[in-house]
Amino acid sequence: MGPGQACRSWRGAARDEPELWRRINMLGHADLSRQLNLHGMAQAAVRRSAGRCEAFWCEHAGGHGFLLRLADQAPSLKSLRLVSCYKFSDEALTEAIVKFPLLEELELALCSNVGGSGVLGVVGKACPQLKSFRLIKDVLYDSEASDYDKDDEAMGIATMRGLRSLQLFGNGLTNKGLTAILDNCCHLEFLDIRHCFNVYMDNTLRTKCVRISTLWLILPKLGDVGMREQFIRPQASDRGFPRIISSSSMDARGDLSAIENQVHKLIDGLRSDSIEGQRSATSEIRLLAKHNMANRIVVADCGAINLLVGFLHSPDAKIQENAATSLLNLSISDNNKIAIVNAYAIDPLIHVLETGNPEAKENSAATLSSLSVIKEHKVRVGRSGAVKPLVDFLVSGTPQGKRDAAIALFYLSILDENKGRIVQADAVKQLVELMDPALGMIDIAVAVLANLATIPEGRTAIGQARGIPALVEVVELGSARGKENAVAALLQLCKNSNRSCSIVLREGVLPPLVTLSRSGTPRAREKAQALLSYFHSQRRGNSGRG
């Protein structure tokens, strides 16, 4: 037998050996999804494990059917990590998770159609061995959500009583939800709640966190609106509270003077006449501002923001891209958001959005989104003429760029005076087209439409763009948050137009609406019950006139 034959023989034996398929890791290959059938490869890998698979990690996997097949073929699964699996739903996970009684680790990262206390409560009951849970979300908040709604997922997590490690990123939970988790998950040793901005670490929570060995969070600074990344490690102290250690101090050993010296040298590079020097300086500031909050504060305090804004008009594409990305990274700090807007950055950012290279456009859209989080900035960005370029970017942008533009429009659409501008820019048609499940942007698009449905021209545009069938489909098949916003939009449409009401009913909304009124999130139930009551009153009124 020759070497080639031996290799083929070995590969054949390996392919059919179940023990070699106990751990299946398909993370990090999303960029190959168009060239390779990752879904088919995942199915084949699970099949070859012959029921012995203990770990399955994947990105952009298939939908409902695939998850159920995994549940049937991997009864011994201990670790399940799903990243950007937007085709999964609460219903699919609820049906599948009960077949994983040995599960010890579960990650749901950027799975926009999964969430809510219902499904997470099922996880807690069905997986008594669960020790690690990660729920990572896009940082997109709903301005109408009540505090109870914000804690909906936290109440489900509180049923996972055996947890030792919990990571929540971009979650809306409040102190109430975190308290429920800490009171019920008595074995927690690691807790990461960065970008959970509704949590305020008061003395009560600090006391409850004493037993946790590692805690990551972002806290508001006292006395201002800036944000500071914190690492908390409980240690002995006079009051029995955990000692707070800034993550930047861990990275830089508390020596910020070295960073300041570095930034001052980079600013000299920004002021140089050399294109290469400017490229190098903007590139290094871009990376420096990416690393942690302390760096962002130092870069801003040293006076870099005004210079970076000036480079948004640079004829050199790379310098322009670096400047836009640096400002995006710096804008993570709320204090820096204010400084960037006060440096008159909005118009230059719009210029980049219209003329830059793809990455510069993408990061300019993201910066406008970041700036629009602050109420006062919603006014300035809306009046600046940014809406039309953002809407255009929903068509021409990269997938990430479209998402950033949609999030920017969401924040802007919270303000009444911006809603008309967004509708006039023909955003509704583009948002309805983005409700294709394959694009993974349903929740963002529906959130914007729900805001626009509160004005007459928005409702008219949704009807003209055939948005009603798409909204009804979300009520039936969408995520918990998607269902909330879809039914809120439909309620506005029906109450203000008999024609829209007829279309909604013709699309078959009643069965999923009844289900939502009984088992949805509190806000979804409230909106669904209101819409059902409206249908009932209309039917009773019509029969009375007969």
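Owing to the predicted nature of the structure, the values given are computational and were not obtained by experimental measurement.

Undergrad: Honestly, the overall build of the protein in this entry has me stumped. Any pointers?
TA: For the protein, the count of helices and strands is 30 helices and 10 strands. Buried positions account for 54% of the 546 residues belonging to the protein. Long-range contacts, defined as pairs at least 24 residues apart, comprise 69% of the intrachain contacts of the protein with a sequence gap of at least 6. Of the roughly 24100 Å² of accessible surface on the protein, 51% is carried by carbon and sulfur atoms.

Undergrad: Even after reading the chapter, I still don't get the environment of Arg69, so can you show me in this structure?
TA: As for its position among the elements, Arg69 is in helix H3 (residues 64-73). Taking C-alpha positions, Arg69 is 9.1 Å from Val46, a pair spaced 23 residues apart along the chain.

Undergrad: Looking at this structure, I do not really get helix H28 (residues 498-506). What am I missing?
TA: Listing the buried residues of H28 in full gives Ser500, Cys501, Ile503 and Val504. In a view along the axis of H28, the buried residues occupy a sector of 165°, so they form one face of it. Exposed side of H28, more than 90 degrees from the buried face: Asn498, Arg499 and Arg506 are the residues found there. In the stretch just after H28, Gly508 is the one whose phi turns positive, near 80°.

Undergrad: Help me out: how do you make sense of the pattern of salt bridges in this one?
TA: Opposite charge on two side chains permits them to pair, given that their charged atoms come into close proximity. Applying the stated rule across the entire model yields 17 salt bridges. Residues Arg134 and Glu105 are paired through a salt bridge, measuring 2.7 Å at the closest nitrogen-oxygen approach. Of this pair, Arg134 sits in strand E5 (residues 132-136) while Glu105 is found in strand E4 (residues 105-109), placing the two residues 29 residues apart along the sequence. The class of Glu105 is buried, set by a relative accessible area of 18%. When the shortest N-O distance is used, the salt bridge between Lys337 and Asp334 registers 3.0 Å. Here Lys337 and its partner Asp334 are both found in helix H16 (residues 334-342), 3 residues apart, which amounts to about one turn of the helix.

Undergrad: How should I be thinking about unusual backbone geometry in this particular structure?
TA: When glycine is set aside, most residues are seen to have a negative phi, and most peptide bonds are trans. You will see that Tyr344, though not glycine, has its phi angle at about 60°, which is positive. With respect to the helices and strands, Tyr344 occurs in the loop between H16 and helix H17 (346-355). Phi is positive for Arg466, which is not a glycine, with a value near 55°. When you line up the elements, Arg466 lands in the loop between helix H25 (456-464) and helix H26 (467-477). What makes Arg466 exposed here is its relative accessible area of 59%.

Undergrad: Teacher, can you tell me more about helix H15 (residues 317-330) here?
TA: Given 3.6 residues per helical turn, the α-helix brings residues three or four places apart onto the same face. For H15, built from 14 residues, the straight-helix expectation of 20 Å at 1.5 Å per residue is met to within 8% by its first-to-last C-alpha distance of 20 Å. The element H15 is largely enclosed, with a buried count of 12 among its 14 residues. Regarding H15, the residues found buried are Ile319, Gln320, Glu321, Asn322, Ala323, Ala324, Thr325, Ser326, Leu327, Leu328, Asn329 and Leu330.

Undergrad: I tried to follow the pairing of E4 on my own but got confused; where do I start?
TA: Two faces, one strand: in a regular strand the side chains alternate between the faces of the sheet. Within E4, 5 of the 5 residues are buried, which leaves the element mostly enclosed by the surrounding structure. What you see with E4 is no split at all: Glu105, Glu107 and Ala109 on one side and Leu106 and Leu108 on the other are buried throughout. As judged from the 5 bridges shared by strand E3 (residues 79-83) and E4, these two strands associate in the parallel manner. Across the sheet, Leu82 pairs through a bridge with Leu108, a residue of E4. Taken together, the 5 bridges between E4 and E5 define a ladder with parallel strand orientation. Residue pairing in the sheet places Ala109 in a bridge with Ile136 of E5.

Undergrad: I would appreciate a short explanation of the environment of Cys127 in the present structure.
TA: Looking at the secondary structure, you find Cys127 in the loop between helix H5 (117-126) and E5. Residue classification places Cys127 among the buried residues on the basis of a relative accessible area of 2%. In sequence terms Cys127 and Gly162 are 35 residues apart; their C-alpha atoms lie 9.2 Å from each other. Beyond its immediate stretch of four places on either side in the chain, Cys127 contacts Ile97, Phe100, Pro101 and Leu103.

Criteria and cut-off values
Residues numbered from 1 in each chain as written. Predicted model: local features only at pLDDT ≥ 70, side-chain atom pairs only at ≥ 80, totals over all residues. Heavy atoms only, no water. Helix = DSSP H or I, 4+ residues; strand = E, 2+ residues; numbered from the N terminus. Buried < 20%, exposed > 50% of the residue type's maximum accessible area, 1.4 Å probe, protein only. Contact = heavy atoms within 4.5 Å. Areas by Shrake-Rupley, 256 points an atom, 1.4 Å probe, with all protein chains shown as cover. Arc of directions from axis to C-beta. Salt bridge = Lys/Arg side-chain N within 4 Å of Asp/Glu carboxyl O. Expected span 1.5 Å × (residues − 1). Pairing = 2+ DSSP bridges.

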